[in-house]
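Here is what each chain is made of, one letter per residue.
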Amino acid sequence: MKRLIVLRVVAKMLIPFMLLFALYVQFHGDFSPGGGFQAGVIGAAAIILYALIFGLPAARRLVPERLVETLLGAGVLLYGGVGLAGIALGGNYLDYFVLGRDPVSGQHRGIFWVEVGVALTVSAVMLEIFYLFAGRGHRFDE
Amino acid sequence: MLIIAVLLTLMAAVAVAVAVQRNLFSVVVLGGIYSFLMATVLVALDAVDVAMTEASVGAGISTVLLLGALYLCGGGEAKPLARPWLPLAVALVIAGALAYGTLGLPAFSDPQAPIHTHVVPRYLSAALAETGVPNVVTAVLASYRGYDTLGETTVVFTAGVGVIALLRRIGRRKKPGRGQ
């Protein structure tokens, strides 16, 4: 699909906004609908759109599979790490109250990092599944 | 309520179309339409977080992944090897049991339903003061139900690892330039 100029131009215009929207959904999730899961999926969708229009090799150069596989585990580790940080600071596992100066700021910090972990794992898994499915055919390998 | 009834009727029509349709490409597209209708129902029910997930995962990523799978396995539905009477009977019995089960559920939006009287009042009244997060869905998901969300994330992780184990070509790892 590399040669279709309309698709290329529209995709180039859309992808930055998709990535920005993913970040908005991620970091504004405390105040509006959204959170790590939705943000991860939207971010992965932006990269998948890039891969569909510009070809799988281009997307693999942009976001290498090695990075995707690292993030896939890093998200869960980050989530579990927040839990361990709670233990280290004298609370229970996944106890956010001890993470900050006062309970409410601790909750904020815990929720923030937990959501980041969810977003990393979800976007990496979606992207990895797409890479593996698309990599078996040759339609995307233009 | 009228809009929800209309949307649910459309969803039933789409489900019938999926069952009748023999072209798998159409089935995948109809599946995406079904997800978008479901997302609209959830918006009408004020469950915007779930609607967002349904629209992005159900209608977005799933459609792309199913089209990718379709490209690998061809777009026509194979002829069934045997008459489907037994599976049809099993499906009908299960559908009947599920419909019977709904009779025991509390009425729609009944304020006395167990789900609304157990921990929900505390979440709704205390979430803002305890977590400082105005969106109660986020507070419940990431804080009150942090263990559940950790489990969910682990399930997603396991799905990714499973797909890697099944689909990754082993030879690729020996390609020059990787792992250095």
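Criteria and cut-off values
- Residues numbered from 1 in each chain as written.
- Chains lettered and ligands numbered in written order.
- Predicted model: local features only at pLDDT ≥ 70, side-chain atom pairs only at ≥ 80, totals over all residues.
- Heavy atoms only, no water.
- Contact = heavy atoms within 4.5 Å.
- Buried area = accessible area lost by both parts, 1.4 Å probe.
- Salt bridge = Lys/Arg side-chain N within 4 Å of Asp/Glu carboxyl O.
- Polar contact = N/O pair within 3.5 Å; in protein donor to acceptor, adjacent residues only side chain to side chain.
- Helix = DSSP H or I, 4+ residues; strand = E, 2+ residues; numbered from the N terminus.
- Nonpolar A, V, L, I, M, F, W, Y, C, P; charged D, E, K, R; others polar.
- Buried < 20%, exposed > 50% of the residue type's maximum accessible area, 1.4 Å probe, protein only.
- Domains from an automatic or database assignment.

Let us look at the interface of chain A and chain B. The interface is formed by 49 residues belonging to chain A together with 43 residues belonging to chain B. Note on chain A versus chain B: buried area summed over both sides is about 4200 Å², and carbon and sulfur give 72% of it. Applying the counting rule to chain A against chain B returns 1 salt bridge. Between B:Arg168 and A:Glu69 there is a salt bridge; the shortest N-O distance is 2.8 Å. The tally of links between chain A and chain B comes to 14 residue pairs in polar contact (both at pLDDT 80 or more). Listing elements by their share of the side of chain A that touches chain B, those giving two or more residues are helix H1 (5–27), helix H2 (36–54), helix H4 (65–88) and helix H5 (103–136) of chain A. If you tally residues by element for the side of chain A that touches chain B, the top one is H5(A), at 18 residues. Tallied by class, the residues present in the side of chain A that touches chain B amount to 28 nonpolar, 12 polar and 9 charged.

All names here are of chain A. Tallying each qualifying case throughout the model produces 3 salt bridges over all chains. Glu65 is the salt-bridge partner of Arg60, the closest N and O atoms lying 2.8 Å from each other. Judged by its relative accessible area of 23%, Arg60 is partly exposed.

Our focus in this paragraph is the domain arrangement of chain B. Here the domain parsing of chain B yields domain 1 (1–77) and domain 2 (111–170). The distance between the C-alpha centroids of domain 1 of chain B and domain 2 of chain B comes to 24 Å.

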